[in-house]
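# Summary of the model geometry
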Amino acid sequence: MAGMLARDAELLWHPYSSLSDPSPVRMVRGASGVRLQLDDGDGGSVEAIDAMASWWCMIHGYRNPVLDAAVKSQVDDFSHVMFGGLTHEPAIRLAERLVEISPEPLRHVFFCDSGSVSVEVAIKLALQYQVARGNNGRTRMLTVRGGYHGDTFAPMSVCDPVNGMHSLFTGALKEQVFGPQPPAGFDRPDDDPEFLAWAASVSALAEQLAGEIAAIIVEPILQGAGGMYPYSPACLRLLRELADRHGFLLILDEIATGFGRTGTLFASEHAGIDPDILCAGKALTGGYLSLAATLCTTDVAHTVSNGPGGALMHGPTFMANPLACSAALASIDLLLSQDWAGRVAQISAGLSAGLAPAASLPGVKDVRVIGAVGVVQLGGPVDLPRMTEAALRRGVWVRPFRDLVYTMPPYVCTDEEIATIAAAITAAVEEAG
Ligand SMILES: *Cc1c(COP(=O)(O)O)cnc(C)c1O
């Protein structure tokens, strides 16, 4: 196996990686339930609970019998067909299901193969919408600092400029409008001075640049890869108000927050507001296959369709891949057939209790939990190899970034497994933080 890892290091880019100075990677032998089987480097293997759910995706665990069966059965029918001029039942049924479970005004669905592309499509819809309304100067997105929306160029342009290293791409990246990051904390009241100051600042920016702005785009309630940072529903309500006042569309990127992760099926429900466009991905297929969806209102769909061009100008090769649609249908049905909200609340309580001792450790700046997401923020950058190793020795796989050690475990974790994750993170932070 050492030979394999050497070949990997020579050949393969990993996420945000260097080929000149590759970071260590571990070989996966298998995965089942909430556990990964990893090579231990000495010819044996170690088991670890996947505290990352493979980056928010694997909500029902690996080799889930229901999802396995759905994909296998679709393989026996057909694995892929082009979506131009053809359609199929898995796509139609999944679109119906998504419209049914998402915020009420969203009625139409565009399927593509990754979250980033679904954000491209959302932005394209917003731009085509404004052109169709005769607002040709409205070509910019308004967002807030600290966000993450994907790695292709349009999504990258609305990621946090510092975390997203916009300086590397000066001249190649659309210059968007950035408001300040919402003040931290889900529970912050809407008469709180920090909220009021933020609201005043974003409102002024929207007012000043209204003629240039096509849409507001944010991750609702929880900024994910930008910093695992929850903010209050009042902020979302203000953004909805600004969009209505100035004729912007509101795009909510629910790629990380969708399918129950923050305690409601979609995070916008915390605020009681509806977006004009919503992006879903990650847990959409229960982590089985790459699929994302951009949903929009009938106003957006028909305005774009009746505008110049007469069509939404996008059509990926693997659009609405039938295997992925079948996995997604099975995943959503499985989720809704259980008390998922109760499960997420239980995980939330387990993470709160289990991570609480980390708050008093030296070098820990903050501990926060929202829904089935637990975060320990350190005072400085994480020593990634040491932290990963320290957690792995305690049977838990984590992938910290910047100053954050965090978990968004599969929903099928038992209370004991949640306790193990929280204890391993706390101990790893104590040892390597
Ligand atoms: C992961 C993520 C994306 C990008 O999705 P990919 O499938 O990696 O392209 C976009 N937005 C948010 C909020 C995400 O968490």
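Residues numbered from 1 in each chain as written. Predicted model: local features only at pLDDT ≥ 70, side-chain atom pairs only at ≥ 80, totals over all residues. Heavy atoms only, no water.

Taking an unreviewed UniProt entry as the reference, the protein chain is identified by name as Adenosylmethionine-8-amino-7-oxononanoate aminotransferase belonging to Kribbella capetownensis. Word for word, the UniProt comment on the protein chain under Pathway (unreviewed entry) is "Cofactor biosynthesis; biotin biosynthesis; 7,8-diaminononanoate from 8-amino-7-oxononanoate (SAM route): step 1/1." Checking UniProt for the protein chain, the heading Subcellular location (unreviewed entry) contains the comment "Cytoplasm". (UniProt positions renumbered as here; feature names shortened; annotations may be inferred.)

As a matter of local geometry, the ligand sits amid Ser114, Gly115, Ser116, Tyr148, His149, Gly150, Glu219, Asp253, Ile255, Ala256 and Lys282. In the model, an oxygen atom of the ligand is placed 2.8 Å from a nitrogen or oxygen of the glycine 115 main chain. Residue lysine 282 places a side-chain N or O atom 2.6 Å away from an oxygen atom belonging to the ligand. Burial of the ligand by the protein chains amounts to 83% of its free accessible area of 380 Å². (Near = heavy atom within 4 Å. Polar contact = N/O pair within 3.5 Å; in protein donor to acceptor, adjacent residues only side chain to side chain. Areas by Shrake-Rupley, 256 points an atom, 1.4 Å probe, with all protein chains shown as cover.)

Our next topic: the pattern of salt bridges. Considering all chains together, one arrives at 19 salt bridges under this definition. Of the charged contacts in the structure, one is a salt bridge between glutamate 100 and arginine 97, with a shortest N-O distance of 2.9 Å. Taken together, the residues span about one helical turn, with glutamate 100 and arginine 97 both in helix α4 (residues 89-101) at a distance of 3 residues. The shortest N-O distance in the salt bridge between glutamate 194 and arginine 188 comes to 3.6 Å. The network of salt bridges with common partners includes Arg26, Glu389, Arg393, Arg394 and Glu431. (Salt bridge = Lys/Arg side-chain N within 4 Å of Asp/Glu carboxyl O. Helix = DSSP H or I, 4+ residues; strand = E, 2+ residues; numbered from the N terminus.)

Here the focus is the UniProt feature "binding site: pyridoxal 5'-phosphate" (unreviewed entry) in the protein chain. Look at the UniProt record and you will see "binding site: pyridoxal 5'-phosphate" (unreviewed entry) annotated at Gly115, Ser116, Asp253, Pro316 and Thr317. Taken together, the annotated residues stretch across 203 residues and extend over separate regions, lying up to 22.8 Å apart by C-alpha. Along the chain, glycine 115 falls in helix α5 (residues 115-132). In contact with glycine 115, other than residues within four places in its own chain, are Ile255 and Ala292. Of note, aspartate 253 is situated in strand β10 (residues 249-253). Ignoring any residue separated from it by four or fewer positions in sequence, one finds aspartate 253 in contact with Val119, Tyr148, His149, Val218, Glu219, Pro220 and Cys279. At 2.8 Å, the side chain of aspartate 253 and the side chain of histidine 149 are in polar contact. (Contact = heavy atoms within 4.5 Å.)

Residues Ile277 and Cys279 point to one face of strand β11 (residues 277-280) and Leu278 and Ala280 to the other, with burial holding for every one of them. Alignment of β10 against β11, held across 3 bridges, turns out to be parallel. Opposite aspartate 253, over in β11, you have cysteine 279 as the bridge partner. The pairing of β11 with strand β12 (residues 292-297) spans 4 bridges and is antiparallel. Its bridge partner lying in β12, cysteine 279 is registered against threonine 294. (Buried < 20%, exposed > 50% of the residue type's maximum accessible area, 1.4 Å probe, protein only. Pairing = 2+ DSSP bridges.)

Here we take up the domain arrangement of the protein chain. Each domain of the protein chain was delimited in the assignment, giving domain 1 (21-63 + 340-432) and domain 2 (67-337). On a C-alpha basis, the centroid separation for the pair domain 1 and domain 2 is 27 Å. Taken together, the contacts link 25 residues of domain 1 with 30 residues of domain 2. The largest share of the area that domain 1 buries against domain 2 comes from Trp56, Trp340 and Ile370, three residues that together contribute 35% of it. Where domain 1 touches domain 2, the interface holds 0 salt bridges. Counting every contact that joins domain 1 to domain 2 gives 12 residue pairs in polar contact (both at pLDDT 80 or more). At the level of secondary structure, the elements contributing two or more residues to the side of domain 1 that touches domain 2 comprise α2 (53-56), α11 (340-355), β13 (364-370), β14 (373-378) and β16 (404-407). Sorting elements by how many residues they give to the side of domain 1 that touches domain 2 places α2 first, with 3 residues. For the side of domain 1 that touches domain 2, a count of residues per class yields 19 nonpolar, 3 polar and 3 charged. (Domains from an automatic or database assignment. Buried area = accessible area lost by both parts, 1.4 Å probe. Nonpolar A, V, L, I, M, F, W, Y, C, P; charged D, E, K, R; others polar.)

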